[in-house]
Amino acid sequence: MTVFDRLEAVFPPDRVITDPVRLRTYECDGLTYHRATPMVVVLPETAEEVAAVVRACAEFGVPFVARGSGTGLSGGALPRSDGVLIVTSRMRRILSVDLDRRQAVVEPGVTNLAITEAVRDRGYYYAPDPSSQQICSIGGNVAENSGGAHCLKYGFTVNHVQALEIVTPDGEIVEISEDDFGYDLLGAFVGSEGTLGIATKITVRLMRAPESVTTLLAAFETIEAGGQAVSSIVGAGILPAAIEMMDALAIEAAEAAVACGYPADAGAVLIVELDGPAPEVESQLAEVIAICVATGSFEQRVAASADERAKIWKGRKSAFAAVGRISPAYIVQDGVVPRTCLGEVLAGIDALQDEFGIRVANVFHAGDGNLHPLVLFDDTAPGEGERAEVVSGRILDLCILHGGSITGEHGVGVDKARYMPRMFTDADLDTMQRVRCAFDPGGRSNPGKVFPTPRLCGEVPRVRKGSPGEIF
Amino acid sequence: MLGHTRVTIRDGGPADAVGGVVPRWVALPESVEEISVVLGACADAGLAVTPAGARTKLGWAAPPERVDVLLDLSAMHEVLEHVAGDLVVRVQAGIPLARLAEVLAGAGQELALDVPFPEATIGGTLAAPSPGPRAYRYGNARDLLIGVTVVLADGTIARAGGKVVKNVAGYDLGKLFTGSYGTLGVIAEATFRLHPLPADRRWLTFECEGWEDAGALLRSQLEPSAVEIDHPAEGLSMVAALFEGSAARDRAEAAREVLGGGELRADPPSWWGRPPGSPLASLRCRVAPHVPEGVSVRGSLATGVYLASGATDLDAWRSRLPGDARLVGLAGEFTGDRWGPIPSLPLTRRVKERFDPDRRMSPGRLAGGV
Ligand SMILES: Cc1cc2nc3c(=O)[nH]c(=O)nc-3n(C[C@H](O)[C@H](O)[C@H](O)COP(=O)(O)OP(=O)(O)OC[C@H]3O[C@@H](n4cnc5c(N)ncnc54)[C@H](O)[C@@H]3O)c2cc1C
Ligand SMILES: Cc1cc2nc3c(=O)[nH]c(=O)nc-3n(C[C@H](O)[C@H](O)[C@H](O)COP(=O)(O)OP(=O)(O)OC[C@H]3O[C@@H](n4cnc5c(N)ncnc54)[C@H](O)[C@@H]3O)c2cc1C
């Protein structure tokens, strides 16, 4: 008896994939330079089926990896060649929408955008908006604690998920909710990158659409001036829905790809979106424009319609893909720095470009200091890939040095696991490991991700009996 | 005999009791390292420990089975780092919220938590959270927490998160520890995301018969920061909504039109964000709840988080609430089950076993003997 036999007993043949050619479809996520062919892929349709697979894995000591839409950028859904890949693409039902509760309950394979689409005409939406929202799954969002441009004001996935049904690595189906008294298990599970189990049902908060939305594009001669504007906006007590910035190289790429028509010669553009009750938005817009002018912006455009707004966003949203137009290959980084260190860190990145002869395009969520440096290289030129790797790593070092993080929203996955010890001590990582061991003592749920070295859990230590001696 | 630790220790007395259990000693550490030394020594000697902040909620939840040492964090009351430009603050866990608010107000900022007792500490607020009115707009304590330093039962010092508002590296231990009531370890330091103080604040209050009336405010686009109800045991209920921002007054006036009445005010009504009385229970219910005779309820129509007083038979009340509602006895005497269903209890137990295998951190405070 093998794990195959068990899976074939539970699933119809079309939902257990063993054909090598079809398996290859699943060999990587959005981070295409890590690849592995899974031993077997299953396509469950219910939580009970997910639990059955997970139990089979437990029985035969086989690891498993969950996969949503495979858009992850840290290799989180990278399969194991000795393991089962559990794909949620057949779990795509929106189970309920209740506007009185301002909640929707959905299956994990539902795309992020589909939730908003289901309630938009009634004036509601689901707030976290990763740029990949048309494709990425809500299960993947939960695993990565995904963000998006509008997370500056509204927060990340973890701030919008109210309850989960999960299949634990032992194969039990358990509900965890923010309403439960005691430890915030929900908060610990969100962002755990598939290492604590598989989410099979997700309850999300729906928000009332804002009365007014306005988008401003401001062009600056230098990225420093743009950064100054960001600091001043925040310093003035304004909390925009989004503040995004692109540097000259990113603008060039976006122009080449989608002809977004951003002001020529801009060293940086800032996109500021304000939303909320109309009178608030109106007064804030005036203030933001004044700040941009005062900090040296030479052109400001305010979108007068939804169309114009979409046009401003087009350049930003296409930036990652667009960079493909100006460089054969690139690495996307996801470091975070305190906003007040943006200028210094960008100068540091500039210095790295000169030192290594590698170009870096900067696109970032400026409001929360989340950088997405795109490290460009030619994968056919000998040594360039390695140099780009070094530059990437050095950028993360810069972020850590300034008290930041190695990842703001893309997750650690396989890609950044080796950087974890630069950010955390052994004691920190061991403590996180205790959480892992509580959920997954067998280490079968997405092993090899997030943490640099595999650790064994061991038995729960036995209660030690000490005598309360007179020690004080 | 703990002289080598140099941590201030005194004998415990009745005034230090935790839910009726008098600790033998009170330790007053002044740094993360001192917390670690005390906990390490307690581990060696098998002593049970309960952390304490300002002790405003020390009696909440079940009494611990035993307390040898009360770990009092009141000597750890410093702001460690406030970077106004980043809207971030790092503090020691024993700092009272009022003191922190004072420091932040100097920079026109606030930690957007509504805590009814100004002396309450950050550590206690994280360990025993009970979301206040503005949680609707700003989230709960866990949503504003971006980094934490904890000390585990064996003295291990661990950090998670950091000092940037956006960060997904590693597990979020800070969230895990919120709601832990001192049973997982000690929260020693915490880093929070801050908000600018709003230009203006206005409240709209109105009396109503039922709970439905306020729904119009939540369906509106006026973006209230909070919508609260005070439902007394007798008489009419009162709903109050808070508007924040430079156009707060206009929005509050627009809200009055939506409702067809109400009173505009610059200050909150007296009951705003205060517990209704005792015995005190926590109610989570996303639809208008059934409220038994003689029970008063206060809380947020927007988030479904309420505190209730006057109910002792919680089982009976639970049977009239929707299945996903939660009713938990916080403080006072209750007949029957004070906890109600907690589907995730087996997982909670497993976390407890990994963090505190000897069951020495406030054992038995939470459901299922956790
Ligand atoms: C063009 C582009 C733009 C992007 N923009 C953003 C952005 O703006 N913000 C942002 O945060 N991210 C962004 N991403 C990254 C990515 O889209 C997100 O991480 C997304 O949440 C991944 O979802 P997915 O369904 O594709 O997950 P996958 O890639 O399939 O999986 C991601 C991780 O989640 C785990 N997982 C999947 N489903 C489950 C489940 N049901 N239960 C438990 N674990 C599960 C996997 O094991 C894996 O570790 C972008 C990616 C691309 C390609
Ligand atoms: C009406 C009302 C509104 C409230 N609003 C809010 C709100 O908006 N947001 C919010 O988060 N809370 C809110 N609370 C909760 C309340 O403010 C906190 O529980 C309280 O502040 C506890 O602080 P304390 O310092 O007095 O803690 P204590 O009473 O000393 O301790 C409370 C519990 O926490 C444990 N504890 C204390 N310090 C630590 C530590 N450092 N590490 C580990 N465990 C510790 C103790 O062992 C004990 O179990 C509200 C409460 C009420 C009644």
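Since the model is a prediction, treat every value here as computed from it, not as a measurement.

> Before we move on, can you summarise the site of ligand 2 with the specific residues and values?
Residues and elements named next belong to chain B. Lining the immediate surroundings of ligand 2 are 38 residues, of which Pro51, Thr56, Lys57, Thr121 and Ala128 lie closest. At a separation of 2.5 Å, an oxygen atom of ligand 2 approaches a polar side-chain atom of threonine 56. Note that an oxygen atom of ligand 2 is positioned 2.9 Å from one of the backbone N or O atoms of leucine 58. About the coverage of ligand 2: the protein hides 99% of its 980 Å² of free accessible area. It is helix H3 (residues 122-127) that contributes the most residues to the shell around ligand 2, four residues altogether. Of the residues that constitute the shell around ligand 2, the class distribution is 21 nonpolar, twelve polar and five charged. Two domains each provide a minimum of three residues to the shell around ligand 2, namely domain 1 (79-196) and domain 2 (201-331).

> So what about the interface of chain B and chain A? Which residues, and what values?
Facing 89 residues of chain B, the contacting portion of chain A comprises 99 residues. Buried surface at the junction of chain B and chain A, summed over both partners, amounts to about 7,900 Å²; 56% is from carbon and sulfur atoms. It is B:Lys166, B:Tyr171 and B:Arg354 that lose the most area in chain B upon contact with chain A, and together they represent 14% of the buried surface on that side. At the junction of chain B and chain A, the tally comes to twelve salt bridges. We note a salt bridge from A:Asp180 to B:Arg326, for which the minimum N-O separation is 2.8 Å. Linking chain B with chain A are 36 residue pairs in polar contact (both at pLDDT 80 or more). Per element, the largest residue contribution to the side of chain B that touches chain A is eight residues, and it comes from helix H10 (residues 345-355) of chain B.

> Outline a negative patch on the surface, supporting the account with residue identities and numerical values.
A grouping of A:Asp100, B:Glu209, B:Glu212 and B:Asp213 is seen on the molecular surface, where their side chains present a negatively charged patch. Topologically, B:Glu212 is positioned in the loop between strand S12 (201-208) and helix H7 (215-219).

> Outline unusual backbone geometry, supporting the account with residue identities and numerical values.
Following B:Ser278, the chain continues into B:Pro279 via a peptide bond in cis, with omega recorded as -10°. Of note, B:Pro279 is situated in the loop between strand S15 (263-265) and strand S16 (280-284). Even without a glycine there, the phi angle at A:Ala259 is positive, about 45°. Tracing the chain through its elements places A:Ala259 in the loop between helix H9 (248-258) and strand S14 (268-276).

> Hey, could you go over the packing of helix H16 (residues 426-439) of chain A against H10(B) for me, with residue numbers and the actual values?
Relative to each other, H16(A) and H10(B) sit at 140°, their axes nearing to 8 Å. Of the possible angle classes, the one that applies to H16(A) and H10(B) is oblique. Judged by the twist between their axes, the crossing of H16(A) over H10(B) is right-handed. Residues A:Thr431, A:Arg434, A:Val435, A:Cys437, A:Ala438 and A:Phe439 of H16(A) form the contact with H10(B), whose participating residues are B:Leu347, B:Arg350, B:Val351, B:Arg354 and B:Phe355. Considered class by class, the residues forming the contact of H16(A) with H10(B) number seven nonpolar, one polar and three charged.

> Can you break down the sheet that holds S12(B) residue by residue, with the values?
All names here are of chain B. Within the open sheet, the eight strands sit side by side as S15-S12-S14-S13-S17-S18-S16-S19. Their pairing is antiparallel. Either end of the sheet is taken by a strand with one partner, and the two such strands are S15 and strand S19 (326-331). Direction aside, neighbouring strands of the sheet carry axes that sit 20° apart on average. Both S12 and strand S14 (residues 237-244) contribute to a ladder of eight bridges, which runs antiparallel. Bridging from a neighbouring strand, cysteine 208 pairs with serine 237 of S14.

> How would you explain the nonpolar core if you had to name every residue and give the values?
Grouped together as the largest cluster of nonpolar side chains are 140 residues, with contacts concentrated most on A:Leu164, A:Phe439, B:Leu111, B:Ile122, B:Leu176 and B:Phe192. Of all the elements, helix H14 (residues 384-401) of chain A adds the most residues to this core, at seven residues. Dropping the residues within four chain positions of it, A:Phe439 is found in contact with A:Ile166, A:Pro169, A:Leu185, A:Phe189, A:Leu196, B:Leu347, B:Arg350 and B:Val351. Of all hydrophobic cores here, the second largest spans 33 residues; its members include B:Cys208, B:Val227, B:Ala281 and B:Ala325.

> So what's going on with the pattern of salt bridges? Which residues, and what values?
One side chain can pair with another of opposite charge once the charged atoms of both are near each other. Residues and elements named next belong to chain A. For the coordinates displayed, the defined rule picks out 51 salt bridges over all chains. Residue arginine 90 is joined to aspartate 14 by a salt bridge in which the shortest nitrogen-to-oxygen separation is 4.0 Å. Pair noted here: arginine 90 is in the loop between strand S4 (84-87) and strand S5 (94-98) and aspartate 14 is in the loop between helix H1 (3-10) and strand S1 (16-17), with a separation of 76 residues, a long-range link. On the basis of relative accessible area, arginine 90 is assigned to the partly exposed category, the value being 36%. Across the pair aspartate 275 and lysine 153 runs a salt bridge whose closest N-O atoms are separated by 2.9 Å. In this pair, aspartate 275 sits in strand S14 while lysine 153 sits in helix H6 (residues 151-154), placing the two residues 122 residues apart along the sequence. Here the salt bridges do not stand alone but share partners, grouping Asp14, Arg15, Glu45, Glu49 and Arg90 into one network.

> Describe the state of the cysteines, and please don't skip the residues or the numbers.
Residues and elements named next belong to chain A. For the coordinates displayed, the defined rule picks out one disulfide over all chains. Free cysteine: cysteine 57, not disulfide-bonded; nearest cysteine sulfur from cysteine 457 at 17 Å. Considering cysteine sulfurs only, cysteine 260 is the nearest to cysteine 292, which forms no disulfide, with 18 Å between them.

The rules behind each value
- One numbering rule holds for all chains: residues counted from 1, following each sequence as written.
- A letter from A marks each chain and a number from 1 marks each ligand, given out in the order of writing.
- With pLDDT at 70 or above as the cut-off, local features in this predicted model cover only qualifying residues; side-chain atom pairs require 80 or more to be listed or tallied, and sums for whole chains, interfaces and linings still use all residues.
- Side-chain numbers here rest on the full set of heavy atoms in the structure, without hydrogens or water.
- Being near a molecule or strand, for a residue, means having at least one of its heavy atoms within 4 Å of it.
- Whenever two N or O atoms come within 3.5 Å, that pair is a polar contact, provided that in protein one can donate a hydrogen and the other can accept it, and provided that, for residues adjacent in sequence, both atoms are side-chain atoms.
- Residue exposure ignores everything except the shown protein chains as possible cover, and the areas themselves are Shrake-Rupley values with a 1.4 Å probe.
- In this text, helices come from DSSP runs of H or I with a minimum length of four residues, and strands from runs of E with a minimum of two, each type numbered from the N-terminal end.
- Amino acids outside the nonpolar list (Ala, Val, Leu, Ile, Met, Phe, Trp, Tyr, Cys, Pro) and the charged list (Asp, Glu, Lys, Arg) are all regarded as polar, and Gly is one of them.
- Residue ranges assigned to the domains are those given by an automatic or database domain assignment.
- Working rule for contacts: check all heavy atoms of both residues, and any pair within 4.5 Å makes them a contact.
- Accessible-area loss on putting two parts together, using a 1.4 Å probe and summing over both, is the definition of buried area adopted here.
- Note on definitions: salt bridges are taken to be side-chain nitrogens of Lys or Arg within 4 Å of carboxyl oxygens of Asp or Glu.
- The patches reported here contain residues having more than 30% relative accessible area and no salt bridge. Joining distances are 9 Å for like charges and 5 Å for nonpolar side chains (Val, Leu, Ile, Met, Phe, Trp, Tyr).
- When charges are tallied, Lys and Arg are placed among the positive residues and Asp and Glu among the negative ones, while His and the ends of the chain are skipped.
- To locate a charge, the coordinates of NZ of Lys, CZ of Arg, CG of Asp or CD of Glu are taken.
- Interaxial angles span 0 to 180 degrees and are taken between N-to-C directions of axes, which are lines fitted to C-alpha atoms, for helices over the stretch in contact.
- Orientation categories follow fixed angle ranges, with anything under 35 degrees roughly parallel, anything over 145 roughly antiparallel, 65 to 115 roughly perpendicular, and all other angles oblique.
- Note: crossing handedness is left-handed where the near helix turns anticlockwise from the far helix by less than a right angle, and right-handed where it turns clockwise.
- For two strands to pair, DSSP has to find at least two bridges joining them.
- What we call a nonpolar core is a set of buried Ala, Val, Leu, Ile, Met, Phe, Trp, Tyr and Cys residues that are connected through their side-chain atoms within 4.5 Å.
- The classification of residues rests on relative accessible area computed with a 1.4 Å probe and restricted to protein chains. Under 20% of the type maximum is buried, over 50% is exposed, and intermediate values are partly exposed.
- Our working definition of a disulfide is a cysteine sulfur pair at a distance within 2.5 Å.

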